[in-house]
Amino acid sequence: MKLIVAVDKNWAIGKDNRVMWSIPADMKFFRDTTKENVVIMGRKTLESFPQGQPLKNRVNIVITKKKDYKVKGAVIVHSVEEAVRAAKTEAKKCNGDIFVIGGESIYRAMLDYCDTAFVTKIDHAYDADTYF
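Everything numeric here is computed off the predicted structure, so don't read it as measured data. (Residues numbered from 1 in each chain as written. Predicted model: local features only at pLDDT ≥ 70, side-chain atom pairs only at ≥ 80, totals over all residues. Heavy atoms only, no water.)

Core analysis: the biggest nonpolar cluster contains 22 residues, and Met-1, Ile-40, Ile-61, Val-100 and Met-110 have the highest contact counts within it. Those elements that provide at least two residues to this core are strand 1 (2-7), strand 2 (38-42), strand 3 (59-63), helix 3 (80-94), strand 5 (98-100) and helix 4 (104-110). In terms of residue count, the dominant contributor to this core is helix 3 (six residues). Excluding residues within four positions of it along the chain, Ile-40 makes contact with Met-1, Ile-61, Ile-63, Ala-83, Ala-87, Ile-98, Phe-99, Val-100, Ile-101, Gly-102, Ile-106 and Met-110. Residues Leu-46, Ala-74, Phe-99 and Ile-101 belong to the second largest nonpolar core, which totals 13 residues. (Core = buried A, V, L, I, M, F, W, Y, C linked by side-chain atoms within 4.5 Å. Buried < 20%, exposed > 50% of the residue type's maximum accessible area, 1.4 Å probe, protein only. Helix = DSSP H or I, 4+ residues; strand = E, 2+ residues; numbered from the N terminus. Contact = heavy atoms within 4.5 Å.)

In this section: the pattern of salt bridges. Applying the stated criterion across every chain, the model contains six salt bridges. Between Glu-47 and Arg-43 there is a salt bridge whose closest N-O contact spans 2.9 Å. Here Glu-47 and its partner Arg-43 are both found in helix 2 (residues 43-48), four residues apart, which amounts to about one turn of the helix. Overall, Arg-43 belongs to the buried group, its relative accessible area being 17%. (Salt bridge = Lys/Arg side-chain N within 4 Å of Asp/Glu carboxyl O.)

Burial analysis of strand 2 places five of its five residues in the buried class, the great majority of the element. Going residue by residue along strand 2, you find Val-38, Ile-40 and Gly-42 tucked away on one face and Val-39 and Met-41 tucked away on the opposite face as well. Assessed by its sense of winding, the connection that carries the chain from strand 2 through helix 2 to strand 3 is right-handed. Judged from the three bridges that link them, strand 2 and strand 5 form a sheet pairing that is parallel. Of the residues in strand 5, the one forming a bridge with Ile-40 is Val-100. (Right-handed = clockwise from strand over helix to strand, strands pointing away. Pairing = 2+ DSSP bridges.)

Moving on, we get to the packing of aromatic side chains. Taken as a whole and assessed by the stated rule, the structure comprises two aromatic pairs. Summarising the aromatic geometry, the rings of Phe-99 and Phe-118 are spaced 6.1 Å apart at their centres and angled 40° between planes, so their arrangement reads as tilted. Separated by 19 residues along the polypeptide, Phe-99 in strand 5 and Phe-118 in strand 6 (residues 116-121) bring together distant segments of the chain. Here Phe-118 falls in the partly exposed class, since its relative accessible area comes to 27%. In this structure an aromatic cluster arises from ring pairing among Phe-29, Phe-99 and Phe-118. (Phe/Tyr/Trp six-rings, centres within 6.5 Å; stacked < 30°, edge-to-face > 60°.)

If you want it as structure tokens, here you go:
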């Protein structure tokens, strides 16, 4: 399993469920790297996407504590262990890799399962009130 993340100088990844920067080259790297693979994320990360919709051309696995949560085009699970099982099954089906894509609590919970990290380090410390 792999994780993919962009961080600032202080290792911040966002604030209030929003990314604090927009770097087209990094967004392209993310798209190209995760396309045709399995992505694991938390519910809030999914909801931060445009219209709260799953990423196209990927198997989207969403971890949430909300038992009745449903999203068309996503596999909904309720624990890290369930996410790992589902991701392995889906990765076999699509012959793809598994990427953890956030947010913070999901990165922390999944770190021990990951053997590779793709980290874009942004040479700037962002002010929590400044968004790009």
